[in-house]
Amino acid sequence: MATSPTHKRAPLRILHLYPREMNIYGDWGNVQTILQRSAWHGYKTELVEHHPGKKFPADIDLVIGGGGQDSGQSLVETDLLAISDGLHALADDNTPMLVICGLYQLFGRFFKTADGHTIPGIGIFAAETHAGSKRLIGNIVTDTPFGQLIGYENHSGLTLLDDDQPALGRIIKGAGNNGEDKTEGAIYKCVFGSYLHGSLLPKNPQLADALIEAACVRKYGQFEPQIIDDHFADRAREIASRRPR
Ligand code: GLN
């Protein structure tokens, strides 16, 4: 009987940050995509949830976090600061992470809300976010090292990257970080922040696989991908990219 290589037996530990408070516009789909594509590539996974007030889990291989209303961001504020050292240590150790919208903002230095309240962030990204006077809503397409990313944005926060902070992508259609400088998201090592909901990963399997590959290379020293039939994702990309803003 064929046996799978040893490295495929130890599960990848996927951490979902704040599934109750920070999980809107289908962001849960990013977790599902990582779990499903890992399985298709032949890797076992173990889903670990982190909730406010709980101990930060050990031995994490990949981190996913979603967006949330300003109220959701306030609910996780204290806990995020408490687990900041754990997240920084993982980020510095090349752990792949994807954080969307509300958590992306809090992976920067702070988010200043419309009522003047400042929600502190953990500063993995050299960036800050200030509430704008209008919401930036609509379909969005960006050009990134992972090809074109296609998604949907809905945020009031305007994110400004420091001069030395690389963006994840450049805007082809949409507003992105602030509607002005054509940047979208941010990258630190293998940590990706983005405003793209949709969910992002089902329609952008190339980014999902980059995250899985980074997790496998870090944990097992190699990644052995399978060929996956992406025709549904391709069709979704094609239709979404043709939608008006
Ligand atoms: N509350 C934040 C904003 O509007 C984040 C919104 C979101 O995560 N979609 O900027």
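Throughout this description, residue numbers start from 1 for each chain and increase along the sequence as written. Owing to the predicted nature of the model, reporting of local features is limited to residues with pLDDT of at least 70; listing and counting of side-chain atom pairs is limited to 80 or more, with chain, interface and lining totals taken over all residues. The basis for the side-chain values is all heavy atoms of the structure; hydrogens and waters are excluded.

**Description of the overall build of the chain**
Our working rule: Put simply, DSSP marks the helices as runs of H or I at least four residues long and the strands as runs of E at least two long, and each gets a number from the N terminus on. We take the radius of gyration over the C-alpha atoms and set the globule estimate at 2.2 Å times the residue count to the 0.38 power. Pairs of residues are marked as contacts when any of their non-hydrogen atoms sit within 4.5 Å. The Shrake-Rupley method, run with a 1.4 Å probe, gives the accessible areas here. Residue values count only the displayed protein chains as cover. When charges are counted, Lys and Arg are positive and Asp and Glu negative, with His and the chain ends excluded. Charge positions are represented by NZ for Lys, CZ for Arg, CG for Asp and CD for Glu.
Helix and strand counts for the chain come out as 7 helices and 12 strands. Scaling as 2.2 N^0.38, a compact globule of 245 residues should have a C-alpha radius of gyration of about 18 Å, and the chain matches this with 17 Å. Projected onto its principal axes, the C-alpha positions of the chain cover 65 × 45 × 30 Å. Taking contacts inside the chain between residues at least 6 apart in sequence as the whole, the part at least 24 apart equals 71%. Of the roughly 10,800 Å² that the chain leaves accessible, carbon and sulfur atoms contribute 52%. Charge-centre separation for the chain: the mean point of 24 positive side chains lies 5 Å from the mean point of 29 negative side chains.

**Observations concerning helix α1 (residues 28–40)**
Put simply, the rule reads: Helix span, as expected, comes to 1.5 Å for every residue beyond the first. For every residue, the accessible area (1.4 Å probe, protein chains only) is compared with the maximum for its type, and the residue is labelled buried under 20%, exposed over 50%, or partly exposed between those bounds.
For α1, spanning 13 residues, the distance from its first C-alpha to its last is 19 Å, which sits close to the expected 18 Å at 1.5 Å a residue. Of the residues making up α1, those classed as buried are Gly-29, Asn-30, Val-31, Thr-33, Ile-34, Arg-37 and Ser-38. Of the surrounding elements, those touching the buried residues of α1 are β1 (12–17), β2 (45–50), β3 (62–65), β4 (97–100), α5 (200–203) and α6 (205–220).

**Examining the site of the ligand**
Spelled out, the test is: Here a residue counts as near a molecule or strand whenever at least one of its heavy atoms sits within 4 Å of it. Counted as a polar contact is a pair of N or O atoms within 3.5 Å, where, for protein atoms, one must be capable of donating a hydrogen and the other of accepting one, and residues adjacent in sequence contribute only when both atoms are in side chains. In this analysis a 1.4 Å probe is tested at points of a 1 Å grid over the protein atoms alone, and where it fits but cannot get out there is a cavity; an open set with protein on both sides within 12 Å along at least five of seven lines is a pocket; lining residues have an atom within 4 Å of a point. Throughout, a molecule is located in a cavity or pocket provided that more than half of its atoms lie within 2 Å of its grid points.
Near the ligand, the surroundings consist of 16 residues, among which Gly-68, Asp-70, Cys-101, Gln-105 and Gly-157 are the closest. Between the ligand and Arg-135 there is a distance of 3.2 Å, counted from an oxygen atom to a side-chain nitrogen or oxygen. Between His-197 and the ligand, the recorded distance is 3.2 Å, taken from a side-chain N or O atom to a nitrogen atom. Compared with its free state, where it exposes 300 Å², the ligand has 99% of that area covered by protein. Given that more than half its atoms are within 2 Å of the pocket grid, the ligand belongs to the largest cavity.

**Structural notes on unusual backbone geometry**
A cis amide bond links Gly-198 with the next residue in sequence, Ser-199, at an omega value of -5 degrees. At Asn-94, a position not held by glycine, the phi torsion is positive, near 65 degrees. By secondary structure assignment, the location of Asn-94 is in the loop between α3 (84–92) and β4. Judged by its relative accessible area of 41%, Asn-94 is partly exposed.

**Some points on the sheet that holds β2**
Short version of the rule: When DSSP locates at least two bridges between a pair of strands, those strands are taken to pair. Every axis in this analysis is a line fitted to C-alpha atoms, fitted for helices over the stretch in contact. Angles between the N-to-C directions lie between 0 and 180 degrees.
Across the sheet, which stays open at both edges, the 6 strands sit in the order β2-β1-β3-β4-β12-β11 with mixed pairing between neighbours. If you trace the sheet from one side to the other, it starts and ends with β2 and β11 (186–188), each paired once. Strand after strand, the sheet turns through a mean of 15 degrees between neighbouring axes, direction not considered. Inspection of the sheet shows β1 paired to β3 by 4 bridges, in the parallel sense. The residue of β3 that forms the bridge with Leu-15 is Val-63. Each of β1, β3, β4, β11 and β12 (191–194) is contacted by α3, which is oriented at about 125 degrees to β4, the strand it contacts most.

**Focus on the packing of aromatic side chains**
The following threshold applies: Stacked, tilted and edge-to-face are the three classes applied to pairs of Phe, Tyr and Trp rings, where Trp contributes its six-membered ring and a pair requires centres within 6.5 Å; stacked means planes under 30 degrees apart, edge-to-face means over 60, and tilted covers the rest.
Tallied over the entire structure, the rule returns 7 aromatic pairs. On the numbers, 5.7 Å between centres and 70 degrees between planes, the contact of Tyr-104 with Phe-125 is edge-to-face. Remark: Phe-125 occurs in the loop between β6 (118–120) and β7 (127–144) and Tyr-104 occurs in helix α4 (residues 101–106); sequence separation between them is 21 residues. Phe-125 matches Tyr-104 in its accessibility class, with the two residues each being buried.

**Digging into the state of the cysteines**
Put simply, the rule is: Only a pair of cysteine sulfur atoms within 2.5 Å qualifies as a disulfide here.
Taken as a whole and assessed by the stated rule, the structure comprises 0 disulfides. Summary of cysteine pairing: Cys-190 is not part of a disulfide, and the nearest cysteine sulfur, belonging to Cys-216, is at 12 Å. Classification of Cys-216 by relative accessible area gives buried; the value is 0%.

**Considerations on the pairing of β7**
Sheet analysis places strand β5 (residues 110–112) next to β7, joined by 2 bridges and oriented parallel. Across the sheet, the residue bridging to Phe-111 is Thr-129, located in β7. The pairing of β7 with strand β8 (residues 147–161) spans 14 bridges and is antiparallel. Its bridge partner lying in β8, Ile-137 is registered against Asn-154.

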